[in-house]
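Observations on chain architecture
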Amino acid sequence: MKKMLPIGLAFCFLVAGTAWAKGVPKKREAADVRGQRSWEQHCQSCHGLDMSGSGPAAAAIPGGVPDLRGTLTPENRERQLQVILEGQGYMPAFQESWYNPVRDSKLVLDYLVLVEAGERKPGSPLPTPAVTTEP
Ligand code: HEC
């Protein structure tokens with residue numbers, strides 16, 4: 001029975017902790033929301049919200065912008081990650097523009113995988129940005 005005391009105490013702290021955390025605004029938004037924000041801020045101007053390659057700036061790109069639909073496969077992931085980080089042709093590199101480029105590139109790719117799976121509708125309204133203390 002003695003062994004139950006620490007466990008009981010830990011449980012109490014856990015419950016108290018989550019109750020307290022409820023009133024505190026979340027520092028970070030959900031991963032898919034951050035991925036969508038990045039896509040809309042940095043990518044859709046060329047690639048289009050729907051990845052079709054018909055964003056407003058696409059007409060100005062010699063040779064156009066490739067259609068990414070159907071390419072978000074696990075086999076392509078490493079190469080696509082590299083293209084986002086290092087750029088390729090008229091595709092700009094993002095490794096110098098983001099605070100944590102590998103993580104942020106993965107968030108965008110993860111979001112695009114959800115779009116491909118039909119689990120997110122391109123261009124669906126985003127929540128008002130959460131207050132964040134971290135980049
Ligand atoms: C200035 C226009 C422009 C912007 C902004 C842009 N891209 Fe691109 N992207 C391109 C072009 C053009 C290509 C084709 C590059 C080539 O192979 O010559 C490309 C290629 C790619 C590819 C590789 C496709 C493949 O399978 O070979 C991926 C993935 C990609 N872009 C994702 C992104 C993401 C994610 C962002 C935002 C972080 C982004 N792009 C921003 C123009 C752009």
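Here the iron atom of the ligand is held by the protein donor atoms His47 (NE2) and Met91 (SD), which lie 2.0 Å from it. The coordination sphere of the iron atom of the ligand comprises 6 donor atoms, whose angles at the metal cover 86 to 179°; the geometry is octahedral. In this pair, His47 sits in helix α2 (residues 31-47) while Met91 sits in the loop between α3 (74-86) and α4 (101-116), placing the two residues 44 residues apart along the sequence. Here His47 falls in the buried class, since its relative accessible area comes to 9%. Looking at Met91, the relative accessible area reads 22%, which means it is partly exposed.

The next subject is the environment of Arg77. Mapped onto the secondary structure, Arg77 falls in helix α3. Between the C-alpha atom of Arg77 and that of Lys106, which follows or precedes it by 29 residues, the distance is 9.0 Å. Residues contacting Arg77, with those up to four places away along its chain left out, are Lys106, Leu109 and Asp110.

Moving on, we come to α4. With 16 residues, α4 ought to run about 22 Å at 1.5 Å a step, and its terminal C-alpha atoms sit 22 Å apart, in line with that. Here α4 has its buried residues at Pro101, Asp104, Ser105, Leu107, Val108, Leu109, Tyr111, Leu112 and Val115. Of the surrounding secondary structure, the elements contacted by the buried residues of α4 are α2 and α3. Where α4 terminates, the next one or two residues include Gly118, which has phi positive at roughly 80°.

A few words now on unusual backbone geometry. Even without glycine at this site, Met51 takes up a positive phi of about 70°. Residue Met51 is classed as buried on the basis of its relative accessible area, which comes to 1%.

Glancing now at the site of the ligand. Around the ligand, a shell composed of 21 residues is seen, among which Cys43, Cys46, His47, Gln88 and Met91 lie nearest. One nitrogen or oxygen atom from the side chain of Arg79 is found 2.9 Å from an oxygen atom belonging to the ligand. Residue Gln80 places a side-chain N or O atom 3.5 Å away from an oxygen atom belonging to the ligand. When atoms are counted within 2 Å of each cavity's grid points, the one that captures over half of the ligand is the largest pocket. Those elements that place two or more of their residues in the shell around the ligand are α2 and α3. When residues of the shell around the ligand are assigned to their parent elements, the largest contribution, 5 residues, is made by α2. Grouping the constituent residues of the shell around the ligand by class yields 14 nonpolar, 6 polar and 1 charged.

Formed by 15 residues in total, the largest nonpolar core has its most connected members in Trp39, Met51, Leu72, Val108 and Leu112. Going through the elements one at a time, α2, α3 and α4 are the ones with two or more residues in this core. A total of 5 residues in this core trace back to one element, the largest contributor, which is α4. Contact partners of Leu112, with chain neighbours within four places excluded, come to Trp39, Met51 and Leu72.

Conventions and cut-offs
- Residues numbered from 1 in each chain as written.
- Predicted model: local features only at pLDDT ≥ 70, side-chain atom pairs only at ≥ 80, totals over all residues.
- Heavy atoms only, no water.
- Donors = N, O, S within 2.8 Å, 3.2 Å for Na, K, Ca; no water.
- Tetrahedral: all angles 85-135°; square planar, octahedral: opposite > 155°, others 65-115°.
- Helix = DSSP H or I, 4+ residues; strand = E, 2+ residues; numbered from the N terminus.
- Buried < 20%, exposed > 50% of the residue type's maximum accessible area, 1.4 Å probe, protein only.
- Contact = heavy atoms within 4.5 Å.
- Expected span 1.5 Å × (residues − 1).
- Near = heavy atom within 4 Å.
- Polar contact = N/O pair within 3.5 Å; in protein donor to acceptor, adjacent residues only side chain to side chain.
- 1 Å grid on protein atoms, 1.4 Å probe; cavity = no way out; pocket = protein on both sides within 12 Å on 5 of 7 lines; lining within 4 Å.
- Sits in = over half its atoms within 2 Å of the grid points.
- Nonpolar A, V, L, I, M, F, W, Y, C, P; charged D, E, K, R; others polar.
- Core = buried A, V, L, I, M, F, W, Y, C linked by side-chain atoms within 4.5 Å.

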